[in-house]
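Analysis of the macromolecular model
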Amino acid sequence: MSKARVVIENITPQVDCGRFPAKRVVGEAVIVEADVFTDGHDVVSCVLLHRRDGAAEWVEAPMSPLHNDRWIARFTPTGMGRYLYTVRAWVDHLATSRRDIAKKQAAGQDVSVDLLRNKQLEKAGVDGEIVVQHEPPCIVEVDRERARFSSWYELFPRSAGTKLGEHGTLKDVEARLPYVAAMGFDVLYLPPVHPIGRTHRKGRNNALTCEPGDPGSPWAIGSEAGGHTAVEPGLGTIEDFDRFVETASHLGLEIALDIAFQASPDHPWVREHPEWFKHRPDGSIKYAENPPKKYQDIYPLDFDSRDWFGLWQALRDVFLFWIAHGVTIFRVDNPHTKAFRFWEWCIAEIKRDHPEAIFLSEAFTRPKVMQHLAKAGFTQSYTYFTWRNSAAELREYLTELTGTEVREYMRPNFFANTPDILHEYLQQGGRPAFEVRLVLAATLAASYGIYSGYEVSENVPVRQGSEEYLDSEKYQIKLRDWNQAGSLKELIARVNEIRREHPALQQNDTLQFHATDNDALLWYSKSLGDDRVFVAANTTPGWMQHGWVEVPLAELGLLPGASYVVEDLLDDTRYTWRGGWNYVRLDPAERMAHIFVIRR
Ligand code: Z3D
């Protein structure tokens, strides 16, 4: 019980009543708001308290009133790690007395008694008032910049060779690094690089039996050569790996590794830790699944194991092993098929000593499950982007991601394709579809990625109605001509350059869709400070689309009849526009999108 009269409610940002942290990057302000009020007419005062987790003292910042009893203040974390914040408030008797005296004086009333009372209050100060502090404090997890803004390229190292039928090595991938760097990517993501099992090894096109010489799926981890902390001998040695990471970093590329917690029947863990697997009454272990997908070449780990904590620690140590080899970005395979509390523990454990670590959640599952993984600590998340293709679907989905509280904890990473997902839209739309999906991914989301082959518009499915590639690299080595005519590599390089030059594209919070009179066109902008980028995109690769798009003149400080120049950053073309509504024409034969800035 307390006679405190002030109420503090609805602090934002706050995820699940403070159960999980919100997310920010270093140097990004945390703008804190709260409802603060009291009964009657007394004046309330409040301050924001913030501190780095582990620091002894709160830092105090005054809060300012907005409207409707809402207050605001901000702080800017200067380092990575967790920060705590809360709001402290009190009924401010002195401020109340001063306000009332001023009112009475203005009305010509006698204030002599009030002045005496005011003196007493001045002597008592804040100490004389009952201060309320919201408990528990809220948490914000502060990551490095790349957590928010990153451009990913995925390739299979074993396909990096130059001779047909030869297994590419890490040295071969080194030779391809300049190609990836020249396209402007900053994260190079590799599917698992570990030894691949032999038992139940899959053959080409997901065949349940393999032919001699078939390399198997890299996700079928573990053989007599080792498990999650070993390098597939066909790729090289751990020393080769270290050098590869080093060479990549000189080219501005960070390596992201795929961490897939599962085991081929030949994985050392199957023998050394039988208790980490679920055995059926006949002693066998059932293969893994992610319905409707069947992974006949791997065993799932059993998070119900009696030795669950031993398992947790071993999995954590896999991350620590690769961190010791210079990798701090991890794409985590099917995290929704592992215990959520394991992720919460594991990611926190790792970030305590390595706050620079970034975890991308590969979960294409129910929205709540994806969101929970983000709350549990995943830095970035794959999304449904591949399956949102019409303008209306994109508008609705992006509004959910960037315009609701989801944005406080889930950072989307828009992959335009993956080795598992070649969407029908790309299969049927050909090069124009690849062009527009690239521009959309790269301008709608601050983090995006492509899987190699995208730049040469690879679009042949294994069979009609399937999203799997024909002759998928998941089961065989593939050679390609990266210099073929029609490659999108220049467009990709330009788009990545635009992303680097325009801070507006390095965040998602300010995304706005603007009006157009053609439903097949998508017309949107992002802004940050003085930087503002507009995008017009044709979402129907088979058809020319034209129509009128509305420029928010007032927001830009332009008068209704003003004329101004819009410049397409993709090809430096300039157009003179006038007033709010202007005409665009996007013909697949010429271009699928404009990325505009306004020049005055
Ligand atoms: C995906 C992985 C590949 C093949 C399967 C094969 C399996 C194990 C999957 C399991 C998770 C994730 C990966 N979505 O490629 O599946 O497609 O046929 O059974 O080897 O690996 O790790 O992206």
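Rules behind the numbers
- Residues numbered from 1 in each chain as written.
- Predicted model: local features only at pLDDT ≥ 70, side-chain atom pairs only at ≥ 80, totals over all residues.
- Heavy atoms only, no water.
- Buried < 20%, exposed > 50% of the residue type's maximum accessible area, 1.4 Å probe, protein only.
- Helix = DSSP H or I, 4+ residues; strand = E, 2+ residues; numbered from the N terminus.
- Pairing = 2+ DSSP bridges.
- Polar contact = N/O pair within 3.5 Å; in protein donor to acceptor, adjacent residues only side chain to side chain.
- Near = heavy atom within 4 Å.
- Areas by Shrake-Rupley, 256 points an atom, 1.4 Å probe, with all protein chains shown as cover.
- Nonpolar A, V, L, I, M, F, W, Y, C, P; charged D, E, K, R; others polar.
- Patch = residues over 30% accessible without salt bridge, like charges linked within 9 Å, V, L, I, M, F, W, Y side chains within 5 Å.
- Salt bridge = Lys/Arg side-chain N within 4 Å of Asp/Glu carboxyl O.
- Core = buried A, V, L, I, M, F, W, Y, C linked by side-chain atoms within 4.5 Å.
- Contact = heavy atoms within 4.5 Å.
- Axes fitted to C-alpha atoms, helices over the stretch in contact; angles between N-to-C directions.
- Parallel < 35°, antiparallel > 145°, perpendicular 65-115°, else oblique.
- Left-handed = near helix turned anticlockwise from the far one by under 90°.
- Phe/Tyr/Trp six-rings, centres within 6.5 Å; stacked < 30°, edge-to-face > 60°.
- Expected span 1.5 Å × (residues − 1).

**Some remarks on the pairing of strand β22 (residues 447-451)**
With 5 of 5 residues buried, β22 is to be regarded as a mostly interior element. What you see with β22 is no split at all: Ser-447, Gly-449 and Tyr-451 on one side and Tyr-448 and Ile-450 on the other are buried throughout. Here 5 bridges tie strand β11 (residues 150-154) to β22, and the two strands are oriented parallel to one another. By the bridge assignment for β22, Tyr-153 is matched with Ile-450. Both strand β21 (residues 413-415) and β22 contribute to a ladder of 3 bridges, which runs parallel. The residue of β22 that forms the bridge with Phe-414 is Tyr-448.

**Some points on the environment of Glu-141**
Mapped onto the secondary structure, Glu-141 falls in strand β10 (residues 138-143). C-alpha of Glu-141 to C-alpha of Ala-441: the two residues are 300 residues apart in sequence and 25 Å apart in space. At 3.0 Å, the side chain of Glu-141 forms a polar contact with the side chain of Arg-82.

**Observations concerning the environment of Val-113**
Mapped onto the elements, Val-113 comes out in helix α2 (residues 112-124). Separated by 12 residues in the primary sequence, Val-113 and Ile-101 have C-alpha atoms spaced 10.0 Å apart.

**Focus on the sheet that holds strand β13 (residues 254-259)**
A sheet is described by the order of its strands in space; here 8 strands give the open sequence β20-β19-β18-β13-β12-β11-β22-β21, paired in parallel fashion. Strands with a single pairing partner mark the edges of an open sheet, and in this sheet they are β20 (380-381) and β21.

**Examining the site of the ligand**
Inspection of the region around the ligand gives 16 residues, with Ser-217, Asp-297, Glu-362, Asp-420 and Tyr-475 positioned closest. Here Ser-217 contributes a side-chain N or O atom positioned 2.6 Å from an oxygen atom of the ligand. The separation between an oxygen atom of the ligand and a polar side-chain atom of Asp-297 is 2.7 Å. For the ligand, whose accessible area on its own is 470 Å², the fraction buried by protein is 96%. Tallied by class, the residues present in the shell around the ligand amount to 5 nonpolar, 4 polar and 7 charged.

**Structural notes on a nonpolar patch on the surface**
On the surface, Trp-548, Trp-581 and Tyr-583 cluster together into a nonpolar patch covering about 320 Å² of accessible area. Mapping Trp-581 onto the fold places it in strand β29 (residues 581-586).

**Here we look at the nonpolar core**
Counting 147 residues, the largest nonpolar core has Val-36, Tyr-85, Tyr-153, Leu-188, Phe-319, Trp-322 and Phe-330 as its most contacted members. Per-element tally for this core: the top contributor is helix α10 (residues 424-444), with 11 residues. Sequence-distant contacts of Trp-322, defined by excluding residues within four places in its chain, comprise Val-193, His-194, His-228, Thr-229, Ala-230, Val-231, Ile-238, Phe-241, Leu-257, Ile-259, Val-327 and Phe-330. Residues Phe-534, Ala-536, Val-549 and Tyr-564 belong to the second largest nonpolar core, which totals 17 residues.

**Digging into the packing of helix α1 (residues 93-106) against α2**
Running from N to C, α1 and α2 cross one another at 160°; their axes reach a closest spacing of 9 Å. In terms of axis orientation, α1 runs roughly antiparallel to α2. Crossing hand, α1 versus α2: left-handed. Seen from α1, the contacting residues are His-93, Leu-94, Ser-97, Arg-98, Ile-101 and Lys-104; seen from α2, they are Asp-114, Leu-115, Asn-118, Leu-121 and Glu-122. Residue composition of the contact of α1 with α2, by class: 4 nonpolar, 3 polar and 4 charged.

**What about unusual backbone geometry?**
Glu-135 connects to Pro-136 through a cis peptide bond whose omega is -10°. Here Pro-136 lies in the loop between β9 (131-133) and β10. With an omega dihedral of 5°, the bond running from Pro-291 to Pro-292 counts as a cis peptide bond. As for its placement among the helices and strands, Pro-292 is situated in the loop between β15 (288-290) and β16 (293-295). Of note in this structure, Asn-10 is not a glycine but carries a positive phi near 55°. Locating Asn-10 in the fold gives a position in strand β1 (residues 6-12). Given a relative accessible area of 47%, Asn-10 falls into the partly exposed group. Within the chain, Asn-205 stands out as a residue other than glycine whose phi angle is a positive 55°. Inspection of the secondary structure puts Asn-205 in the loop between β12 (187-190) and α4 (238-250).

**Brief notes about the packing of aromatic side chains**
The description of two aromatic rings rests on the distance between their centres and on the angle between their planes. Scanning all chains against the criterion turns up 45 aromatic pairs. For the pair Trp-152 and Tyr-189, a centre-to-centre distance of 6.3 Å together with 70° between the ring planes defines the contact as edge-to-face. Of this pair, Trp-152 sits in strand β11 while Tyr-189 sits in strand β12, and the two are 37 residues apart along the sequence. Residues Trp-152 and Tyr-189 agree in their burial class; the two are buried.

**Description of helix α11 (residues 489-501)**
With 13 residues, α11 should reach 18 Å at 1.5 Å per residue; the first-to-last C-alpha distance of 18 Å fits that figure. The set of residues buried in α11 consists of Lys-489, Ile-492, Arg-494, Val-495, Asn-496, Ile-498 and Arg-499.

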